[in-house]
Every structure is written in C-alpha cells, then in structure tokens.
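# Geometric and topological summary
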Amino acid sequence: MGQEAKYAWFPGCWVSNRMPHIEAADKRVLDAFGVELVEMKGMSCCPEPYAVLGLGRDAWLGLAARNLTIAEELKHDILTPCPGCYHTLKAANTGFRNDPSQRRRANELLSGINREFKGQIEVEHTVNVLHSKIGLEKLAGAIKHPLSGLRVATHYGCHLLKPSRLTGIDDPERPMMLDELVQVTGAETVPYMRKTLCCGGPIGSVDEKTSYAIAREKLLKVKQAGADCLVVACPACMIQYDANQHSIEKTFSETYEIPVFYHTELLCLAMGVAPKEIGVLHQVKIDKALERVDIHRN
Amino acid sequence: MAAIDKLRALVEKEGYRKKLAICYQCGTCTGGCPVAYVKSDYNPRRILETAILGHYDEVLSSDLIWLCTSCHSCLERCPQRIEVSEFLIDLKNFAAENGNIPKLLLERAKRIAETGQSTPSSKASVVWREKLNLAPISPVKVEEAQAILQAAGFPAMLERTRSQADGTRS
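On a predicted model such as this, the values are computed, not experimentally measured, just so you know.

Thresholds applied
Residues numbered from 1 in each chain as written. Chains lettered and ligands numbered in written order. Predicted model: local features only at pLDDT ≥ 70, side-chain atom pairs only at ≥ 80, totals over all residues. Helix = DSSP H or I, 4+ residues; strand = E, 2+ residues; numbered from the N terminus. Rg over C-alpha atoms; globule rule 2.2 N^0.38 Å. Buried ≥ 20, exposed ≤ 12 C-beta atoms within 10 Å, placed from the backbone. Contact = placed C-beta atoms within 7 Å. Pairing = 2+ DSSP bridges. Domains from an automatic or database assignment. Nonpolar A, V, L, I, M, F, W, Y, C, P; charged D, E, K, R; others polar. Axes fitted to C-alpha atoms, helices over the stretch in contact; angles between N-to-C directions.

This part covers the overall build of chain B. Regarding its fold elements, chain B presents 12 helices and 0 strands. For chain B, the sequential pattern of α-helices and β-strands runs α-α-α-α-α-α-α-α-α-α-α-α. Relative to a compact globule of 170 residues, whose C-alpha radius of gyration would be 15 Å, chain B shows 19 Å and is clearly more extended. Along the first, second and third principal axes, the C-alpha set of chain B runs to 55 × 40 × 35 Å. Residue burial in chain B is summarised as follows: out of 170 residues, 38% are buried. A separation threshold of at least 6 residues defines the contact pool for chain B, and within that pool the share at least 24 residues apart is 65%.

Now the structure itself:
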C-alpha cells in the first residue's frame, strides 16, 4: 500500500456513539501506516442487516445506496470497522453493479434527493485492509511491545465472512486472517470448538434468553480452551460478549470472566500505545490479561 | 397484493421454485444453525418444508422466523446451494408487511426511521469522543434518509403494524 492510501471512513452507529474507543484504536493503527480517513458527511445508519433488511429489502437498499453515493462523491473506497455495515454496503454495492433491476430501483429511490448511484467505489473492512493491503510484514515491523504469552481465542463475526460469495476475503469455515493479525502482535491464538459460531446478538431484542444461550455456548468453549481473552472483529459481537457477559452469567448462574478486546485495541497495545490513549473501557475486567503481558493501566 | 399472495407468487415463480423445490430435507441447515442448537422448536428445515408445501399463512404468522440471526451458516453449508437465510429474510419481509413484527424490533426500526441511526448520538457519546480526541460525528442528514425510507414505504408499514397491535390490545 502506498503512502497515499485514503478511504471514506464509515464507523457505523455503534462504533460512533456506543463504542468510540474502537474508533480511537482503529485510527491510531491506520494513522501509523499512513492511511488517511475522510469523513463521510451526512451518512446515516448503513442500515443494519437485522432491523431494516429483515423488515424491508427496499428500504435497506435505498439507505445503503445513499451512503454509497456519499463515498462516490469523495471518490474514495469505503472503510468500516463493523462487519454489519460492511455486509450491508458491500451487498448493496455488488447488487447494484450486477443486477440492473436493483440498480434501477436504487436510483428511483435516490432520484427524490437528487443523488445517483454510479458504481465507482469498493467497500472494505479494517481486517482486510490491515491483513492484506498494509500486510503482516509491515505490521510486524511496528510491534514494540510483543504480547508474548497471551493466549487468544479469535471471533470473526458472521458478516465479515458470510455469505462468502459476497465477501470472499477468507474461508468462512476455517478463517485465518484475524488469527494472523493477532499472531503478529506476538500473542498466541488457541484453537477452540465453535470458533465460527454466531454471537446471537441480532435476536437479543426478539428473544433475549435464546440470544444469550448462543453466546453462552461460545463463552464456555473459550473458557475450556484456556484462553486469556477473546478478540473480536465486530462491535456488535463485542457488545454481546463484553457488555452482556455479566447478564449471561446471571441468566445461567455461571462464571466466565473472559476479557474481550476489539482487534485493533490489541494491535495498539503491541505497538506501544498506552491503554488510556485508546480508552479500553470494557465491562469485563481486562487487567489480568494485560498484566500477563506486563501492561499496566495508569 | 396482500403479503400472502406475494409470498405465493414468489415461491411459485418458475426460477424460485427451482431453487427451493430441490431441498431434499437433509437438515444440514438445522444441524449447523446456532439458534436451533439452543432452541429445539426453531428448525429452518421445517420452515422451508412448510413454505414448499404451500402453508403460507402458517409461515407468515410464525414467531419463530424472527429468531434467524442471519449468520448465513445454512447458506454456506446447504449441499443443494439453497440460500436458506436469504429466503428467511424474504419471509420476514412478507411477515412484516402482514403486521407480524416483534414489538422491540418494531421500536428499533422506528428509531432508525426517525433518526437515521440505530444508536443515535447522545450527550455521553459526545463527551466520550472528546475525551478520546475524536472529532464529533458528522450529523445525519435526517431529511434525506427519511425521504428515501418514505419512498420505500418503510415508516408507513411500521405505523400500520403499530396501530394494528394497538387495535388487538384494546
């Protein structure tokens, strides 16, 4: 990747307003490798694949099309840290390009606000840009504080990998990209059962108990594998495993105590960024995991 | 056209029928389904079977279809390459049109329709961003987002469902 890499930055609603510490970590890492992020003025919800796509494909298509045209005006590919946004924007972008009827409909919806989809940009997720555009070699060169001895279970997020006909960045059943991004920090990734299991998050507002039961299955397997922490590439999965972990423990009268990191947080720590600079505000205590790699807060 | 007729028309369309009717009920979709694993009455194979057999009313009024997380494991693993999870999205769309939307999901969708965001900016998030030296988030052009959703008939559908639900309760 050249020095001139520029992307239209699409953090998504959850990262922007609920987990800005993820955005802080993303920006620290991307900035260190000369990636410039351009603000997408006026962007809306991507919109999210469960509550909008699930209720109306047409509405989902229209809002996604509008967001895509904002990046088209900037003449930059979109970069997002959220697999949900990635899935929506990538699916819409690909659909409009390949299916004339979808494109026609998108432009009908856009005509009311004087916008037009032209099909000039691509959509990327941070995992792919870090792993394959910046590359593991460059990342390795920036590690100042190797996280040796830290045992990590990785969780990708369904929409980063599936449907694979759409994303195609890694094997949906045996993914390796995130594992390699973790290994580059000096940490070890541990194999564990149910690695590609969904977090259950999307159905939390429909059936909380079932949503939690799915997350429980993963947390139990991570614990059995003896991992020090779980590293995720999706803010929605992070909410489910971190913010909801205590509620899940209560629901099933169990204890997991599994710290959860977003992948760029781990990379920042290994690059020598102080924890307070990127917030690292988590619900499940992370101190034990940090102490293991000799990082102390404050 | 009523939602049930739209579903019938979709399933009975030549190309679509070809896609669905090749299901030989092996149950791979259900075997790999994260929801079915923890909740035995959720069974994507059976939902597919019900639709193929033409019991459209049963499918559209089902609460169970809303449990699909859209993880797309079934789509990846189906030996017949049936896109089960995409079909479930179609089913949810028709069910929604028919007034079957779970209450909290309806609220979530309404929030997006009104604000253009799934989690709107708050006083706390503004302060938090400042502390992390992040620039303020560019405000959503709500009127543009709303215009598009309106053209797609989204807020009207949500409103119809809400008033139907109120009618049932009274």
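Quick look at the overall build of chain A now. On a plain count of helices and strands, chain A comes out with 14 helices and 8 strands. Against the globule reference of 19 Å for 298 residues, chain A gives a C-alpha radius of gyration of 19 Å, in line with a compact fold. Dimensions of chain A, computed from the C-alpha atoms along their principal axes, are close to 55 × 45 × 35 Å. Relative to its full complement of 298 residues, chain A shows a buried share of 57%. Considering only intrachain contacts with a sequence separation of at least 6, the fraction spanning at least 24 residues in chain A is 77%.

The next point concerns the sheet that holds strand β8 (residues 260–262) of chain A. Residues and elements named next belong to chain A. Read from one edge to the other, the open sheet built from 4 strands follows the order β6-β5-β7-β8, with strand pairing classed as parallel. Among the strands making up the open sheet, the edge pair consists of β6 (188–189) and β8. In the sheet, strand β7 (residues 229–232) pairs with β8 via 3 bridges, with the strands oriented parallel. Looking at the pairing, Val231 lines up with Phe261 of β8.

Take the domain arrangement of chain A next. Residue and element names in this part refer to chain A. What the domain assignment lists for chain A is domain 1 (6–125) and domain 2 (136–292). Each of domain 1 and domain 2 was reduced to a C-alpha centroid, and the two centroids are 24 Å apart. Between domain 1 and domain 2, the residue contacts involve 24 residues of the former and 24 residues of the latter. Breaking the side of domain 1 that touches domain 2 down by element, the ones donating at least two residues are α1 (13–17), α2 (20–32), α3 (49–53) and α5 (83–98). Sort the elements by how many residues they give to the side of domain 1 that touches domain 2 and α2 lands first, with 8 residues. Considering only residue class, the side of domain 1 that touches domain 2 consists of 16 nonpolar, 5 polar and 3 charged.

Attention shifts here to the interface of chain A and chain B. At the interface, 52 residues of chain A touch 50 residues of chain B. Contributing elements (two or more residues each) for the side of chain A that touches chain B: α1, α2, α3, α4 (57–74) and α10 (208–224) of chain A. The element that contributes the greatest number of residues to the side of chain A that touches chain B is α4(A), accounting for 6 residues. The residue makeup of the side of chain A that touches chain B, split by class, is 27 nonpolar, 14 polar and 11 charged.

This part covers the sheet that holds strand β4 (residues 123–125) of chain A. Residue and element names in this part refer to chain A. Here 4 strands make up an open sheet; going across it, the order is β2-β1-β3-β4 and the pairing parallel. A strand with exactly one partner marks an edge of an open sheet, and here the two such strands are β2 (36–39) and β4. Adjacent strand axes in the sheet meet at a mean angle of 40° when their direction is disregarded. Sheet topology places strand β3 (residues 78–80) next to β4; 3 bridges connect them, and they run parallel. Across the sheet, the residue bridging to Ile78 is Val123, located in β4. In this fold α5 packs onto β3 and β4, with an angle of close to 160° to the strand it touches most, β4. On the sheet, helix α7 (residues 126–141) packs against β3 and β4 and is oriented at approximately 80° with respect to β4.

This part covers the pairing of strand β5 (residues 151–155) of chain A. All names here are of chain A. A large share of β5 lies buried, amounting to 4 of its 5 residues. Taken together, the 2 bridges between β5 and β6 define a ladder with parallel strand orientation. Within β6, the residue paired with Val152 across the bridge is Thr189.

What the domain assignment lists for chain B is domain 1 (3–97) and domain 2 (103–169). Summarising the inter-unit geometry, the C-alpha centres of domain 1 of chain B and domain 2 of chain B are found 28 Å apart.

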